[in-house]
Amino acid sequence: MAVSKITEVQAGSTGRRRITILGATGSIGTSTADLVARNPDTFDVAVLTANRNVADLAALARDLRPDIAIVADDASYNDLKDALADTGIEVAAGSDALVAAAREPVDMTVAGIVGAAGLDATLAAIQQGSVVALANKECLVCAGDLVLEECAQSGATLLPLDSEHNAIFQVFETENADDVEKLILTASGGPFRTWTQEQMAGATPDQAVAHPNWDMGRKISVDSATMMNKGLELIEAAYLFPVDSQDIDVLVHPQSVVHSMVAYTDGSILAQLGPPDMRVPIAHALAWPARMKTPVERLDLAAIGSLNFELPDNERFPAIALARHALELGNGSTAVLNAANEIAVQSFLDNLIGFLDIAKLVEKALDQVVARPVQTLNDFRDLDTETRAVTESLVKLVS
Ligand code: NAD
Ligand code: MG
């Protein structure tokens, strides 16, 4: 299991660290870049990547001075080349170039691409055997067995960046793993926590991405609104920590102050608290096993006053149960769940389907696609491609 591995591995050198940021222009990427820029004596940037956002990538590259900046989109090559012409920074384009750069040896990679699109590059980073700080949870949902197998083979260390998993990592006593009774994943409940089903039926993309506490990319924001994000995180936790899936609970906590908890057999519950700013878990991973300063606003618990907790409403938010079902089915079902969800979320963002259709389409895809084990990248690609095609046909029936 990844966490028991974490304690075995020495944390690189205490001196300068070379770092690659995959998905540098995104929400995770820019939070990471902010911390790296504040610590020029600690980090050297090797690689920065983006999909096609040339302007933001070029600005980050001018600031952080990587060896190479890469766009996945081939057609953006000339724009990036022009934008960095006077800098001496190498530029490249295309998914092969991106994966090759992810394979270049560094001390740490931040895996911040969104969705299954990040799997190849994340696996390439894992194959170099160093530290991979994983935000791209879809990698574990799509191909968790393969990811952990590659970690075992290369000796790479996965550090969880997702705030919940980072919180659990901070309070999980590896030496007392047998005495862990439960992991408790907290969830904000998203922007529709108090909405009725009728209200949610008419929810627009803009309403769905307006998260009350966190400022994130559009895909994960919609996942938070459906609570599929918590379903994906349940699967992520089952891969990262040596705990049975039935012993992973979800608890809605609207303030997003307690980022998750571990309950032990003696009745103790350990929690990690912090402001809802991803720079806290990112800093934890960047400095691990030490700590580093961050400029985030400190928690003022007296001003917050009270912390609330409630059980998730599985009727209004069926996605968590769907994810748990896929996890229990095993055999590639979570890859089906992920692909169907990615297509359904994008279709919702494109105004092709309604908000409540997202979970319905995922459920139908899980019924219609015959899942099979994902042991190789080709296994994953076959299942992913088939599920995307099935879900796209389901979208056409709705729209
Ligand atoms: P985002 O949409 O803000 O950024 C995504 C990044 O990936 C961008 O740099 C984009 O250019 C790049 N990208 C997108 N498609 C790509 C492709 N096909 N090929 C190569 N690069 C591509 O997303 P985000 O919110 O930063 O989330 C990134 C990952 O981190 C997701 O897996 C998300 O679930 C996870 N995560 C995010 C947060 C958060 O606060 N944003 C918290 C926890 C976990
Ligand atoms: Mg999270």
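Residues numbered from 1 in each chain as written. Chains lettered and ligands numbered in written order. Predicted model: local features only at pLDDT ≥ 70, side-chain atom pairs only at ≥ 80, totals over all residues. Heavy atoms only, no water.

A. Molecular detail of the coordination of the magnesium ion (ligand 2). The coordination sphere of the magnesium ion (ligand 2), as far as protein atoms go, consists of Asp-162 (OD), Glu-164 (OE) and Glu-233 (OE), spread over 2.1 to 2.2 Å. Taken in sequence order, the residues that donate to the magnesium ion (ligand 2) follow the motif D-x1-E-x68-E. Taken together, the residues Asp-162 in the loop between strand S7 (157-160) and helix H8 (163-171) and Glu-233 in helix H12 (residues 228-240) connect sequence positions 71 residues apart. Residue classification places Asp-162 among the buried residues on the basis of a relative accessible area of 8%. (Donors = N, O, S within 2.8 Å, 3.2 Å for Na, K, Ca; no water. Helix = DSSP H or I, 4+ residues; strand = E, 2+ residues; numbered from the N terminus. Buried < 20%, exposed > 50% of the residue type's maximum accessible area, 1.4 Å probe, protein only.)

B. Quick look at the sheet that holds strand S8 (residues 180-187). Read from one edge to the other, the open sheet built from four strands follows the order S9-S8-S10-S11, with strand pairing classed as mixed. Either end of the sheet is taken by a strand with one partner, and the two such strands are strand S9 (248-252) and strand S11 (269-273). Averaged over all adjacent pairs, the angle separating strand axes in this sheet is 20°, with direction ignored. Of the pairings in the sheet, the one linking strand S10 (residues 258-264) to S11 comprises five bridges and is antiparallel in character. Bridge pairing links Ser-260 to Gln-272 in S11. On the sheet, H12 packs against S8 and S9 and is oriented at approximately 150° with respect to S8. (Pairing = 2+ DSSP bridges. Axes fitted to C-alpha atoms, helices over the stretch in contact; angles between N-to-C directions. Contact = heavy atoms within 4.5 Å.)

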